[in-house]
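Architecture at a glance
In case you want the letters, here they are:
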Amino acid sequence: MSARDRILAAIRAARPAPLPPAEAIAAEAAALLDAPESVRPRPVEAVLAAEFVRKASALGTSFDHLPDRAAIPLAVKRYLDTHGLPPALALQPAPALAALDWTDIDTHDAVAPDQTAALGLALWGIAETGSLVIHSGADAPILLSFLPLHHIVVLEERSLLPHLEDYAARMAGQPQPRNAILITGPSGTTDIEGSYVRGAHGPGFLHILMIGG
Amino acid sequence: MNAPQQGFKERADAELKNAVLKIAIDRTTGNAERKRAVAVAAFPEFQAARARGRAIKDHVIAHLDHYLEMFERNATAAGATVHWASDDAEARAIITRICLEADAKLVTRAKSMLGEEIGLPHALADAGIERVETDLAEHIIQLAGERPSHIVWPAMHRTREQVAILFKEAHHPPPAADDPATMVQSARRELRAKFLGADVGISGANFLVADTGATCTVTNEGNAELTTTPPRIHIVTAGIEKLVPSTAHAFALLRLLVRSATGGEMTQYTTFHCGPKRPGDADGPEEMHIVLVDNGRTRMLADEFRPMLRCIRCGACMNHCVVYRQIGGHAYGGTYPGPMGAVLTPVLDGLAQSRDLPHACTMNGRCAEVCPVEIPLPTLLRAWRTRSWRERLEPRSVRAALGLWAMAARRPWLYRLGSRIGVRALRLFGRRGWIGSLPLVGGWTAYRDLPRPSGRTFMEQYRAGQAGRAGQTGREARK
Ligand code: SF4
């Protein structure tokens, strides 16, 4: 008997009645998601973007609000200057970013182990938690979000979702990426005496360029 | 595997004399307790969410075979290889085989309590494979040659000064100062090359999502993604109880987990890992292996410890435990410390090895009050005591004393009267909330303080609290 058979047999032996049909189990599972508003926090702000900014700011994320994508290079330059960083940037190899005018910044699409700053795109933002959603893909390396010290992320205001379940609903039945990551604030740790330190292994700074409104 | 070497009482005694340990524990658990209280107060739906979380776990446990097969199907379709292990030895064998076949020299690991439970660190060492722990706390205890003392903060027994000594010896260059920020930077520098040079990355899983086949990790440091992305192979080890039906169910539990563990609302990185690198992907491992581990869980399914399978490993029960806060995690001698550890260690290591643990409890009920999935921890500890009694594992003196207790317990009015009088008398001994010694239980309080009674018995307070809460729950249910 394989370990698999042993485990499944032990589970079945522990159940007095036979397993209900799959549809019945699915219905019970779905019922456990009923009335989501009764089991999740209520937003404080009426406007989605205001709630997102409130939640993300509380975690140490900074913001710049831009009218459109064309304003991105200038906003990045401003950020790098403010932090006294060289005008160099690892750029997510996405057509939407490559198409911009990067005259003033030295961009490259490889992310170095000691990368100072990188720019990427978020697919969604979740207002409930102030989280950004990124997926791995051909033009979306995961390490771009983890190696740099400064992580700058473009988020379209129209891509904001109210709650975690809204993201789950978007992805239900869809092909899943290798990695789907909800990024909520810069990396941090409380492992030494419980005191909070930013920039543990991932980025110490998270800066969001919020587009449109 | 993880059987305590020495008696619990000897270890607890030794730890109680350790003043530095007491300071270290208080700094972290005190913080965690305060932050959790704030987070729960800011979420009025918490109690309703908790009932829902419990129901989700119960639903999965009742249909575990269904969800395991669904998970296996979907993970396989995503390109992962699913392995099954009945016990720790089988799990270790599977993982070392994968590493050796890949000719792995360097393995990075993102903290997982299951890895500790199955003795993975030793197994890798025995196979001659270099293992690098990447979670900061795990990095600290790896340098110290220790085991985790807490399931969320494995190095919480170490003060900053002690960490500095370890880092100065191990890091090149050594950290310039011993404040936490400088030391975290030093670890970041030191571990970066390891992340990128590893052949295999091993992570645990907080959830296994049945309908997508994804495994979910939650971390604050970002080390899990740096562990699982660069190497050629990603191995996940997970207990079979980690299943959830869908991503939305995982989120419902996540709201409880993070608030209960750290007092936050969301960990910095909540990551779903679904299969290996897709064709054309910019990065990611070529292979993903998932090892599903039983190791006593199906046994729990069949007995009175079944509710323990709901545990989401948040650590709240230990942060709020008066015994844990006096003696720390190492004294428990098993992989898991605190109240949840006192229930799980007899399952994993055998009751004969660990019969002291279920006794190391004041039955004040705080653990069950804060448990986000409503596990009746004191009831389960009492069940172990009964079993220990029935299996005649108790020393004779204890059996005699318990006989008296049982006589009174069968006459509830006598028991209640006795404990009520006792409790009020106890107040006289109390200093600053703690009782250092007590005539009738001398042997016990010699190595740990009892909380000072508030003047009402726990049952009286509990009933008063329940009366208040009943109204509140009723209102929530009607919404
Ligand atoms: S028993 Fe409850 S409180 Fe303790 S770790 Fe498990 S879920 Fe958390």
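Residues numbered from 1 in each chain as written. Chains lettered and ligands numbered in written order. Predicted model: local features only at pLDDT ≥ 70, side-chain atom pairs only at ≥ 80, totals over all residues. Heavy atoms only, no water.

**Quick word on the interface of chain A and chain B**
In this assembly, 76 residues from chain A lie in contact with 92 residues from chain B. Together, the buried faces of chain A and chain B total about 7000 Å²; carbon and sulfur atoms form 58% of this surface. Of all residues in chain A, the largest losses of buried area upon contact with chain B belong to Arg178, Glu193 and His201 of chain A, amounting jointly to 14% of the total for that side. At the junction of chain A and chain B, the tally comes to 12 salt bridges. A salt bridge links Arg4 of chain A to Glu72 of chain B; its shortest N-O distance comes to 2.7 Å. Summed over the shared surface of chain A and chain B, the result is 44 residue pairs in polar contact (both at pLDDT 80 or more). Among the secondary structure elements, those contributing two or more residues to the side of chain A that touches chain B are helix 1 (3-13), helix 2 (22-31), helix 6 (164-171), strand 9 (179-183), strand 10 (188-189) and strand 11 (197-198) of chain A. (Contact = heavy atoms within 4.5 Å. Buried area = accessible area lost by both parts, 1.4 Å probe. Salt bridge = Lys/Arg side-chain N within 4 Å of Asp/Glu carboxyl O. Polar contact = N/O pair within 3.5 Å; in protein donor to acceptor, adjacent residues only side chain to side chain. Helix = DSSP H or I, 4+ residues; strand = E, 2+ residues; numbered from the N terminus.)

**Things to note about the environment of Arg27 of chain B**
Following the sequence through the fold, Arg27 of chain B ends up in helix 2 (residues 19-41). Separated by 129 residues in sequence, Arg27 of chain B and Met156 of chain B have C-alpha atoms that sit 8.5 Å apart. Side-chain polar atoms of Arg27 of chain B contact the side chain of Glu193 of chain A, separated by 2.3 Å.

**What to know about the environment of Phe46 of chain B**
Residue and element names in this part refer to chain B. For Phe46, the location among the structural elements is in helix 3 (residues 46-62). Remark: the alpha-carbon pair of Phe46 and Gly222, spanning 176 residues in sequence, is separated by 28 Å. With residues near it in sequence (within four places) discarded, Phe46 still touches Arg36, Val40, Leu256, Arg259 and Ser260.

**Section: the side chain of His163 of chain A**
Mapped onto the elements, His163 of chain A comes out in the loop between strand 8 (160-161) and helix 6. Relative accessible area serves as the criterion here: at 9%, His163 of chain A is assigned to the buried category. What His163 of chain A contacts, discounting residues up to four positions off in sequence, is Arg40, Pro41, Pro43, Ile126 and Glu128 of chain A together with Arg255 of chain B. (Buried < 20%, exposed > 50% of the residue type's maximum accessible area, 1.4 Å probe, protein only.)

**Notes on the environment of Pro113 of chain A**
Mapped onto the secondary structure, Pro113 of chain A falls in the loop between strand 3 (106-108) and strand 4 (117-121). You can call Pro113 of chain A partly exposed: its relative accessible area is 40%. Pro113 of chain A sits 34 residues away from Leu147 of chain A along the chain, and the two C-alpha atoms are 6.0 Å apart. Look past the residues within four positions of Pro113 of chain A in its chain and what remains in contact with it is Leu147 of chain A together with Arg192 and Leu196 of chain B.

**Some words on the UniProt feature "domain: LUD" (unreviewed entry) in chain A**
Look at the UniProt record and you will see "domain: LUD" (unreviewed entry) annotated at residues 116-210 of chain A. Across residues 116-210 of chain A, helical content stands at 8% and strand content at 39%; the span's end C-alpha atoms are separated by 21 Å. (UniProt positions renumbered as here; feature names shortened; annotations may be inferred.)

**Structural notes on the packing of aromatic side chains**
In this structure the tally under the stated criterion is nine aromatic pairs over all chains. On the numbers, 4.9 Å between centres and 50 degrees between planes, the contact of Phe146 of chain A with Tyr269 of chain B is tilted. Placement of Phe146 of chain A in the loop between strand 6 (131-135) and strand 7 (150-156) and of Tyr269 of chain B in strand 9 (residues 269-273) is noted, with the two residues assigned to different chains. Judged by relative accessible area, Tyr269 of chain B falls into the buried class, the value being 1%. Their ring planes at 75 degrees and their centres at 6.2 Å tell us that Phe43 of chain B and Phe46 of chain B sit as a pair that is edge-to-face. Side by side, Phe43 of chain B and Phe46 of chain B carry an identical accessibility label, which is buried. What links up through ring pairs into an aromatic cluster is the set Trp124 and Tyr167 of chain A together with Phe251 and Phe272 of chain B. Residue placement shows Arg198 of chain A over the ring face of Phe205 of chain A; its charged tip is 5.2 Å from the ring centre. Just above the ring of Tyr336 of chain B sits the side chain of Arg313 of chain B; from NZ or CZ to the centre is 4.8 Å. (Phe/Tyr/Trp six-rings, centres within 6.5 Å; stacked < 30°, edge-to-face > 60°. Lys NZ or Arg CZ within 6 Å of the ring centre and 35° of its normal.)

**Things to note about the pattern of salt bridges**
All names here are of chain A. Within the structure shown, the criterion is met by 41 salt bridges over all chains. Glu51 is the partner of Arg54 in a salt bridge, and the nearest nitrogen-oxygen pair spans 3.1 Å. Residue Arg54 and its partner Glu51 are both found in helix 3 (residues 48-58); the two are separated by three residues, about one turn of the helix. In this structure Glu51 comes out as buried when scored by relative accessible area, which is 4%.

**Notes on the site of the ligand**
Inspection of the region around the ligand gives 13 residues, with Cys311, Cys314, Gly315, Cys317 and Cys371 of chain B positioned closest. Class assignment for the residues of the shell around the ligand results in 11 nonpolar, one polar and one charged. (Near = heavy atom within 4 Å. Nonpolar A, V, L, I, M, F, W, Y, C, P; charged D, E, K, R; others polar.)

**Topic: the sheet that holds strand 8 (residues 243-244) of chain B**
The eight strands lie next to each other as 8(A)-5(A)-6(A)-9(A)-9(B)-6(B)-5(B)-8(B), forming an open sheet whose pairing is mixed. Looking at the sheet topology across the chains shown, the edges are occupied by strand 8 of chain A together with strand 8 of chain B. Bridge count for strand 5 (residues 207-209) of chain B against strand 8 of chain B is two bridges, and the pairing is parallel. Across the sheet, residue Leu208 of chain B finds its bridge partner in strand 8 of chain B, namely Leu243 of chain B. Running at roughly 145 degrees to strand 5 (residues 124-126) of chain A, helix 6 of chain A makes contact with strand 5, strand 6, strand 8 and strand 9 of chain A of the sheet. (Pairing = 2+ DSSP bridges. Axes fitted to C-alpha atoms, helices over the stretch in contact; angles between N-to-C directions.)

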